[in-house]
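If you want the building blocks of each chain, they are given just below.
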Amino acid sequence: MSCSNPHLVHSKADIPRHVAIVMDGNGRWAKKRFMPRFFGHKAGVDSLVKTVLACADRGIDYLTVYAFSSENWRRPTEEVTGLMGLVLVAVAKYLTKLADKGVRIRIVGDRTQVSDKLRAAWEQAETLTRDNNRITLSVCFNYGGRWDIVQACRQAIADGVLANELDEDKLARYMALAHAPDPDLFIRTGGEVRVSNFLLWQAAYSEFVFTDCLWPDFGDAELDAALAAFARRDRRFGGVKDAATHAESLQSA
Ligand code: FPP
């Protein structure tokens, strides 16, 4: 096919609208270099910035990343403090660049437990980019899939939704990622093959790609390999391939 963007090797239908990533492997990447784990997280931020721009170039509308899970508080205090500080540094270093490139930033997660400084940085990022529409980057921070389901139920109850009125569509509107369609492609770097409480509700029909690549090493080649794997998948959403043809053949039988 011909197209002006050299990265768009597939037809638009083959390109996932929404990609979600568990950015795993920063610690091991640093260890291999005899450096502290923080060094890996720092490199992970650079990898994230490159990846969001690469996704935008390829026509992906939404990128959602797992930056800090509800369980990450269990890490050593030094690492948790380092990660919080890194967010402030990353916002100062990259916010203008991402804003200028048309990236809309949204923060997803429980903000009640983070510092006022961090909350202010998130608000600054969201406000500065709120009119951008090239790609939406949702940063899941102090986020967990189970937390999300519980907070959605709580909000629905607080809104007076009755038990017999609650269905999947209604509850979905209360989920923290309600601004985005469900992820089509779910990538996890770092070699582990598990979901780790990420997007439990939204990933019901996502296609999964697991790679051994450590997150700071993730680049164009790994992204394109994941997109190529996605393009080869046969998505049925619990139905059958080409449901319309199947229904017609049943009728004429
Ligand atoms: C998992 O690697 C990675 C994290 C827990 C943190 C991911 C965070 C970033 C890439 C930085 C995000 C920053 C901003 C500004 C959004 P790991 O530490 O579990 O690595 P390991 O499995 O090799 O130990």
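Just above, that's the structure.
Criteria and thresholds
- Residues numbered from 1 in each chain as written.
- Predicted model: local features only at pLDDT ≥ 70, side-chain atom pairs only at ≥ 80, totals over all residues.
- Heavy atoms only, no water.
- Helix = DSSP H or I, 4+ residues; strand = E, 2+ residues; numbered from the N terminus.
- Rg over C-alpha atoms; globule rule 2.2 N^0.38 Å.
- Buried < 20%, exposed > 50% of the residue type's maximum accessible area, 1.4 Å probe, protein only.
- Areas by Shrake-Rupley, 256 points an atom, 1.4 Å probe, with all protein chains shown as cover.
- Lys, Arg positive; Asp, Glu negative; His and termini not counted.
- Charge placed at Lys NZ, Arg CZ, Asp CG, Glu CD.
- Pairing = 2+ DSSP bridges.
- Near = heavy atom within 4 Å.
- Polar contact = N/O pair within 3.5 Å; in protein donor to acceptor, adjacent residues only side chain to side chain.
- Core = buried A, V, L, I, M, F, W, Y, C linked by side-chain atoms within 4.5 Å.
- Contact = heavy atoms within 4.5 Å.

For the chain, the count of helices and strands is eight helices and six strands. In sequence order, the chain lays out its α and β elements as β-α-α-β-α-β-α-β-α-α-β-β-α-α. The C-alpha atoms of the chain give 19 Å as radius of gyration, which agrees with the globular expectation for 253 residues (18 Å, within 12%). Sorting the 253 residues of the chain into buried and exposed places 45% on the buried side. As presented, the chain carries roughly 13600 Å² of accessible surface, and 53% of it is formed by carbon and sulfur atoms. Here the chain contributes 33 positively and 32 negatively charged side chains, and the mean placements of these two sets differ by 5 Å.

Here we take up the pairing of strand 1 (residues 18-22). Among the five residues in strand 1, five count as buried, and that is most of the element. Because side chains alternate across strand 1, one face comprises the buried residues H18, A20 and V22, and the other comprises V19 and I21, equally buried. In this sheet, strand 2 (residues 62-69) lies alongside strand 1 in parallel orientation, the contact comprising five bridges. Opposite I21, over in strand 2, you have V65 as the bridge partner. Note: strand 1 against strand 5 (residues 185-188), four bridges, orientation parallel. Counterpart to I21 in the pairing with strand 5 is I187.

Moving on: the site of the ligand. Taken together, the neighbourhood of the ligand is formed by 18 residues, with D24, G27, R28, R37 and R75 sitting nearest. Between an oxygen atom of the ligand and a side-chain N or O atom of D24, the distance comes to 3.0 Å. R75 has a polar side-chain atom sitting 2.8 Å from an oxygen atom of the ligand. Only helix 1 (26-32), helix 2 (37-57) and helix 3 (77-100) provide two or more residues apiece to the shell around the ligand. With five residues, helix 2 is the single largest residue contributor to the shell around the ligand.

Here we take up the nonpolar core. One finds L63 and F141 to be the most contacted residues of the largest nonpolar core, which totals 49 residues. Here this core takes 10 residues from helix 3, the largest share from any one element. Here L63 is in contact with H18, V19, I21, T51, V52, C55, I135, T136, L137 and S138, once residues within four sequence places are set aside. Within the second largest apolar cluster, 13 residues are counted, among which are V108, Y143, F198 and A203.

By the secondary structure assignment, S206 is in the loop between strand 5 and strand 6 (207-210). A residue is classified by how much of its surface remains accessible, and S206, at 9% relative accessible area, is buried. A polar contact of 2.7 Å, which involves the side chain of S206, links it to the backbone oxygen of P183. For S206, the residues in contact, after removing those within four places along its chain, are P183, D184, F186 and R235.

The quantities given are spatial measurements derived from coordinates; they are silent on function.
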